[in-house]
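Next come the chains, spelled out residue by residue.
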Protein chains: 2
Amino acid sequence: MTAQNHPAPGAGGAQACPITPVLDIVFSRWTTPILWTLHQFGRQRFVELNRNVGTITAKVLTQRLRQLERDGLVIRTYHPEVPPRVEYEISELGLTLAPLFATLTTWSTTHLPEVERARTTFDTTHA
Amino acid sequence: MTAQNHPAPGAGGAQACPITPVLDIVFSRWTTPILWTLHQFGRQRFVELNRNVGTITAKVLTQRLRQLERDGLVIRTYHPEVPPRVEYEISELGLTLAPLFATLTTWSTTHLPEVERARTTFDTTHA
DNA sequence: CCGGATCCTGGAAGATACTG
DNA sequence: CAGTATCTTCCAGGATCCGG
């Protein structure tokens, strides 16, 4: 896996692809699996979330959760107990992404096979 | 700018966030600006595209175009002349992404201000 | 239990120079 | 013109240890 960042918003070409700014918010690395897991499993503690998301490291999970919290997509609730307990859940704003994800899923099921076929033909013709 | 890759499809959590596989196809770094530019300006030669996309390097542009071609989203046409001429355009499959981008743009105009506000409040409360 | 601090590494991306 | 090859730089992410 590599890292994925996106072009600087106003840099260079500057004819401003309108969706570029959204990418770092919604499609930064790990953000979609995290949001998906929160949506599927509902409010969860940190460790649960860590398990459910998959191979993500606690450090990275913390980083991404901070970003998501800052962007208002995720709500963090801290319970000052011993031992401390922290819960995460999707915010209202985060839920507005649902139709977007639905569109993505639809496209995936519809056109992903075409991509696969394109790849195999490309690989065979360029062998 | 960093690179952005996404979690390994089946790795770890394995409850399979369904949109993860699409991310590397559609939302790899530079892919959206490239597709956007091709959509806006239509069929273009390599250098034109290089200018229009923005700050991207020729090397990186080549890499991304190869990937997009392999995935069937972009069509590459080579004219064996002197000097050589190569043209790129969006494929039919690539055009099926239009509604997806439309959804993204809609979400952007609708909810991006909320994200901005969330950020400022977060930054002030955590100062 | 949550997450910050630190060190380290693989790979992306920039710069430059070079071919068909 | 349209790439390729090589070298270097830079940073996200993994591992580990520590603290509240």
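From a predicted model like this one, the values you see are computed outputs, not experimental measurements.

(A) Seen up close, the pairing of strand β3 (residues 74-79) of chain B. All names here are of chain B. One ladder, built from 6 bridges, connects β3 with strand β4 (residues 85-90); its direction is antiparallel. Paired with Arg 76 across the bridge in β4 is Tyr 88. The antiparallel pairing of β3 with β4 creates a hairpin that spans 5 residues between the two strands.

(B) Summary view of the protein's contact with DNA strand D. In the vicinity of DNA strand D there are 19 residues, among which A:Arg29, A:Lys59, B:Val47, B:Arg76 and B:Tyr88 approach most closely. Within the contact set of DNA strand D, a phosphate oxygen lies 3.3 Å away from a side-chain nitrogen or oxygen of A:Thr57. Here a phosphate oxygen of DNA strand D sits 3.4 Å away from a polar atom, N or O, in the side chain of B:Arg66. At the level of elements, α4 (58-70) of chain A together with α3 (46-53), α4 (58-70) and β4 of chain B are the ones that each hand at least two residues to the surface near DNA strand D. Class assignment for the residues of the surface near DNA strand D results in 9 nonpolar, 3 polar and 7 charged.

(C) Geometry of the relation of the copies chain B and chain A. In the superposition of chain B on chain A (RMSD 0.1 Å, axial shift 0.0 Å), the rotation amounts to 180°. On this basis, the relationship between the two copies can be described by a two-fold rotation axis. Of all interface residues in chain B, 100% are interface residues in chain A too; the two copies therefore contact each other through one and the same surface.

(D) Region of the structure containing the confidence of the model for chain A. For chain A, the mean per-residue pLDDT works out to 89, and 88% of the residues sit at or above 70. A low-confidence stretch, residues 9-14 of chain A (pLDDT under 50), is modelled with 8 contacts involving residues beyond four sequence positions or located in other chains.

(E) Representation of the sheet that holds strand β3 (residues 74-79) of chain A within the structure. All names here are of chain A. Taking strand neighbours across the sheet as the criterion, the 3 strands line up as β2-β4-β3 in an open arrangement whose pairing is antiparallel. This sheet does not close on itself; its edge strands, each paired only once, are β2 (44-45) and β3. Sitting on the sheet, helix α2 (residues 31-41) touches β2, β3 and β4 (85-90), and the angle it makes with β4 is about 95°.

(F) Region of the structure containing the packing of aromatic side chains. For the structure on display, the rule yields 3 aromatic pairs over all chains. Centre to centre, the rings of A:Phe27 and B:Phe27 are 4.2 Å apart; their planes meet at 15°, and the pair counts as stacked. With A:Phe27 in the loop between α1 (20-26) and α2 and B:Phe27 in the loop between α1 (20-26) and α2 (31-41), the pair connects residues from two separate chains. For the pair A:Phe27 and B:Phe27, one class covers both residues: buried. Ring geometry for A:Phe46 against A:Tyr88: centres 6.5 Å apart, planes inclined by 55°, an arrangement best described as tilted. Here the residue A:Phe46 occupies a position in helix α3 (residues 46-53), and A:Tyr88 occupies one in strand β4, the gap between them amounting to 42 residues. Residue A:Phe46 is classed as partly exposed on the basis of its relative accessible area of 23%.

What counts and what doesn't
Residues numbered from 1 in each chain as written. Chains lettered and ligands numbered in written order. Predicted model: local features only at pLDDT ≥ 70, side-chain atom pairs only at ≥ 80, totals over all residues. Heavy atoms only, no water. Pairing = 2+ DSSP bridges. Helix = DSSP H or I, 4+ residues; strand = E, 2+ residues; numbered from the N terminus. Near = heavy atom within 4 Å. Polar contact = N/O pair within 3.5 Å; in protein donor to acceptor, adjacent residues only side chain to side chain. Nonpolar A, V, L, I, M, F, W, Y, C, P; charged D, E, K, R; others polar. Least-squares fit on C-alpha atoms with pLDDT ≥ 70 in both. Contact = heavy atoms within 4.5 Å. pLDDT = per-residue confidence, 0-100. Axes fitted to C-alpha atoms, helices over the stretch in contact; angles between N-to-C directions. Phe/Tyr/Trp six-rings, centres within 6.5 Å; stacked < 30°, edge-to-face > 60°. Buried < 20%, exposed > 50% of the residue type's maximum accessible area, 1.4 Å probe, protein only.

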